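So the chains spell out like this:
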Amino acid sequence: MTCSLSQNLIQSSLPISQGAEAAIYKAQLTSGSPPILLKYRFQKKYRHPTLDANLTRSRIAGEARALLKCLRSGVNVPGIRMVDATEGILGIQWIEGQSVRKLLPGGAEDDGADNVDSPDVEDSDPLTEYGLSVDEVMNLIGNEIAKMHRVDVIHGDLTTSNMMLRHPKSFVLIDFGLSYQSTLTEDKAVDLYVLERAFSSTHPDSEPMFAKVLIAYAETTGKDWVAIKNRLDDVRLRGRKRSMVG
């Protein structure tokens, strides 16, 4: 069977990681061109082939649309380099940097000694390499999420693993695989709540950090913040009740 151009590209690429839904590769579209990141949503054998193909096309197209909307609105996300929804392949800009999770207190503890991407520094604050303080990073996080929500894009998986810092002092939101578009205040509040839970589970004593994220978010959001804050409080209450029930 003859392979498509996209499949040939996958076969010549460097595997980076693989999850339940997709595999990640580092590739080059042409010899000598800048590297790109390929997300390949491979076939799921447990699904009916027609259903699987339709879901794959829909999810690749949806992720590309969310990124494009963010790019057009000035949100810092990777640029799109190629889309092959039929083959389940999305090519985006390769971001040279480090995940925010690894740069904040507690976030690098689970990575182990074999993490070759971690900055090799003895300093207690790895953010020094990027010329940023924790407060400045929280401000960047809040601003970018607010800009994303203002154009009604919901990330769906906001964690510090899906945020990157690169030189010079640049912040990028990544991995829009669960994103969707919504004007609902509830969805924006849930997006924030997911990030709050990610902070509390990954970074010790993170309440002051997340509070600064919300301050920056509120400043950028403007008049819509009151409604989002009230809904966030409701979502938190529902979350606590579910935790109590178990």
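From a predicted model like this one, the values you see are computed outputs, not experimental measurements.

Caption draft 1: Quick peek at the side chain of Arg41. Here Arg41 is to be found in the loop between β3 (36–40) and α2 (49–72). Judged by its relative accessible area of 8%, Arg41 is buried. At a separation of 3.3 Å, a polar atom in the side chain of Arg41 contacts the main-chain carbonyl oxygen of Gly177. Those residues within four positions of Arg41 in sequence are excluded, and the remaining contacts are Glu21, Ala22, Thr56, Arg59, Ile60, Glu63, Glu87, Gly88 and Gly177.

Caption draft 2: Representation of the pairing of strand β2 (residues 23–27). Most of β2 is tucked away: four of the five residues are buried. Of the pairings in the sheet, the one linking strand β1 (residues 14–18) to β2 comprises four bridges and is antiparallel in character. Residue Pro15 lies in a different strand from β2, and its bridge partner there is Tyr25. In sequence, β1 turns back onto β2 through a hairpin of four residues. Here β2 runs beside β3; their pairing, made up of five bridges, is antiparallel. Bridging from a neighbouring strand, Ala23 pairs with Tyr40 of β3.

Caption draft 3: Spatial organisation of the packing of helix α4 (residues 134–150) against helix α5 (residues 185–202). Two elements in contact, α4 and α5, have axes whose closest approach is 11 Å; the angle formed by their N-to-C orientations is 155°. Between α4 and α5, the angle is such that the two are roughly antiparallel. Between α4 and α5 the crossing geometry is right-handed. Listed contacts from α5 to Met138, Ile141, Ile145, Met148 and His149 of α4 are Lys188, Asp191, Leu192, Leu195 and Phe199.

Scoring rules and cut-offs
- What you see as residue numbers is a count from 1 along each chain, following the sequence as written.
- Only residues with pLDDT of at least 70 are given local features in this predicted model, and only at 80 or more are side-chain atom pairs given and counted; all residues enter the totals for whole chains, interfaces and linings.
- Side-chain measures here rest on the full set of heavy atoms in the structure, leaving out hydrogens and waters.
- Segments assigned H or I by DSSP are reported as helices when at least four residues long, segments assigned E as strands when at least two residues long, and all are numbered from the N terminus.
- Relative accessibility decides the category of a residue: with a 1.4 Å probe and only protein chains considered, values under 20% of the type maximum give buried, values over 50% give exposed, and everything between is partly exposed.
- Polar contact is defined as a pair of N or O atoms within 3.5 Å, subject to the rule that within protein one atom must be able to donate a hydrogen and the other to accept it, and that residues adjacent in sequence are counted only when both atoms are side-chain atoms.
- By definition, residues are in contact when any of their heavy atoms lie within 4.5 Å.
- Any two strands between which DSSP finds at least two bridges are classified as paired.
- Between N-to-C directions, angles cover 0 to 180 degrees, with each direction set by a line fitted to C-alpha atoms, over the stretch in contact for helices.
- The labels follow the angle: roughly parallel below 35 degrees, roughly antiparallel above 145, roughly perpendicular from 65 to 115, and oblique for the rest.
- Less than a right angle of anticlockwise turn of the near helix away from the far helix marks a crossing as left-handed, whereas a clockwise turn marks it as right-handed.

Interpretation in functional terms is not warranted from these geometric data alone.
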